[in-house]
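# Results of the structural survey
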Amino acid sequence: MSGLAPRLFPPASRIAADGEPVYVVRSGAAYRGVHAHDVGNGLFVIRNDIAGLQLDDIEVTRGYRVIENKADAPGQTASCVGLRLRGARATELRRSFGRFGYASHDGLIQDVTASGVLTTGPHDLPVGIAFKDEAHDFRLERCTMRGFRWQREPKQYWNGDGFSAERGNARLTFHQCAAWDNSDGGFDLKSTETLLDDCTSGRNARNYRLWSNIRATRLTSVDPQKTGGIGDTVHFALMGPKAPDAEPLVIHIEHLVVRSSRQWPLFDVHDGRVRLIIDSHDIQVPAGTPLVRSRSGGSIPGGIQFGTAPPRL
């Protein structure tokens, strides 16, 4: 933390942003009770390296993005260190609630609910909360991302995720977070040293899309549902490494809960080898539901390692 005393911006009346960014934030700033509508690319914009930003009781109705993290010019950085975000509600977002990049780290994001709309712009890939670049060491608690959907041509891939993280991100913890009704992944994660702690994902095309080693406590997957496009529909898409000599992807789930009314496969395994460990499970799906489906040569050598009796599907 920076050691700076927070500079409190007093609660404002409801802000009509008229499609424009509103606050360019600085180190040590604190915003509380800010309510706005029709926000452009950022109610809060992080354009330079900052530390100690505090956001509390934020409400947004309609907009493009609530938190934008983009430097002023190419070659500059805009890392956000020590963010404390507690309590936010946002609806009718066209792009995302927020994204965090550069070397942003040591952030705590609590009690955020955000919902998107069906987006049709050619470049406006929607994501509830996204991490990119080398952002690391963030903890998200009780956050729900819903309805971030991207409508494209029928033979195109319809992206749109609840939570996403890219390669280079590390040590992200999701505690009691949920993703619902997104057109691609509920949780689409490439980050390393990631923990999913009692999370739920439902009615997304792929409830969980996992590209790197993941440890999970309790994971719940509910009724995958495709919005459109050419992507698969599945509870878990496990993206194994393509290199033939690579170490297998390792996914360890302490307790797995699955609920489904249709025979969507539980696990799609793509491209390479995966080691899947499930300590215990509570699976209620229609008879004949595939447990594992191979995609592009993906495999689980030796099968799933169950700590209790395997499910009878």
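Everything numeric here is computed off the predicted structure, so don't read it as measured data.

Further remarks concern the overall build of the chain. Helix and strand counts for the chain come out as zero helices and 29 strands. Its C-alpha radius of gyration of 20 Å places the chain within 12% of the 20 Å reference for a compact globule of 313 residues. Along the first, second and third principal axes, the C-alpha atoms of the chain reach 60 × 40 × 35 Å. Sorting the 313 residues of the chain into buried and exposed places 55% on the buried side. Within the chain, contacts between residues separated by at least 24 positions form 64% of all contacts whose residues are at least 6 apart in sequence. Of the accessible surface of the chain, which amounts to about 13,000 Å², a share of 49% is contributed by carbon and sulfur atoms. Considering the chain, the positive charge centre built from 38 side chains and the negative charge centre built from 35 side chains are found 3 Å apart.

Okay, the packing of aromatic side chains next. Evaluated as defined, the whole model comprises twelve aromatic pairs. Centroid distance tyrosine 23 to tyrosine 31: 4.7 Å. Interplanar angle 50 degrees. Geometry classified as tilted. Across this residue pair, the class does not change: tyrosine 23 and tyrosine 31 are buried. Here the aromatic residues Phe163, Phe174, Phe187, Tyr208, Phe236 and Phe267 are joined through ring pairs into a cluster of three or more. Just above the ring of tyrosine 102 sits the side chain of lysine 132; from NZ or CZ to the centre is 5.1 Å. A cation sits over an aromatic face here: arginine 152 above tryptophan 150, 4.4 Å from the ring centre.

Of all residues in the chain, 96% attain a pLDDT of 70 or more, and the chain-wide mean is 94. Taken as a whole, residues 1-5 scores under 50 in pLDDT and shows six contacts with residues more than four places along the chain or in a different chain.

Another point: the pattern of salt bridges. For the coordinates displayed, the defined rule picks out 26 salt bridges. Close ionic contact of aspartate 184 with arginine 209 constitutes a salt bridge, the shortest N to O distance being 3.6 Å. Of this pair, aspartate 184 sits in the loop between β18 (178-180) and β19 (185-189) while arginine 209 sits in strand β22 (residues 206-210), and the two are 25 residues apart along the sequence. A residue is classified by how much of its surface remains accessible, and arginine 209, at 12% relative accessible area, is buried. One continuous salt-bridge network, built from bridges that share partners, spans Arg14, Asp57, Glu59 and Arg89.

On to the environment of glutamate 20. Along the chain, the position of glutamate 20 falls in the loop between β2 (15-16) and β3 (23-24). For glutamate 20, a relative accessible area of 48% translates into the label partly exposed. Between the alpha carbons of glutamate 20 and aspartate 38 there is a distance of 8.1 Å; along the sequence they are 18 residues apart. Leave out the neighbours within four places in its chain, and glutamate 20 touches Asp38, Val39, Gly40 and Gly42.

A word on the environment of glycine 19. Along the chain, the position of glycine 19 falls in the loop between β2 and β3. A C-alpha to C-alpha distance of 36 Å links glycine 19 and threonine 192, two positions 173 residues apart in sequence. With near-sequence residues (within four places) excluded, glycine 19 lies in contact with Asp38, Val39 and Gly40.

Here we take up the pairing of strand β27 (residues 274-284). Two elements, strand β25 (residues 249-259) and β27, share ten bridges in a ladder whose sense is parallel. Bridged to leucine 256 within β27 is histidine 281. In this structure, β27 lies alongside strand β29 (residues 305-306), joined through two bridges in parallel fashion. Paired with isoleucine 277 across the strands is glutamine 305, a residue of β29.

To continue, consider unusual backbone geometry. Residues other than glycine seldom take positive phi values, yet aspartate 106 does so here, at roughly 55 degrees. Along the chain, aspartate 106 turns up in strand β10 (residues 105-116). On the basis of relative accessible area, aspartate 106 is assigned to the partly exposed category, the value being 40%. Phi is positive for arginine 171, which is not a glycine, with a value near 55 degrees. Here arginine 171 is to be found in strand β17 (residues 170-175).

Here is what the cut-offs are and how they apply
Residues numbered from 1 in each chain as written. Predicted model: local features only at pLDDT ≥ 70, side-chain atom pairs only at ≥ 80, totals over all residues. Heavy atoms only, no water. Helix = DSSP H or I, 4+ residues; strand = E, 2+ residues; numbered from the N terminus. Rg over C-alpha atoms; globule rule 2.2 N^0.38 Å. Buried < 20%, exposed > 50% of the residue type's maximum accessible area, 1.4 Å probe, protein only. Contact = heavy atoms within 4.5 Å. Areas by Shrake-Rupley, 256 points an atom, 1.4 Å probe, with all protein chains shown as cover. Lys, Arg positive; Asp, Glu negative; His and termini not counted. Charge placed at Lys NZ, Arg CZ, Asp CG, Glu CD. Phe/Tyr/Trp six-rings, centres within 6.5 Å; stacked < 30°, edge-to-face > 60°. Lys NZ or Arg CZ within 6 Å of the ring centre and 35° of its normal. pLDDT = per-residue confidence, 0-100. Salt bridge = Lys/Arg side-chain N within 4 Å of Asp/Glu carboxyl O. Pairing = 2+ DSSP bridges.

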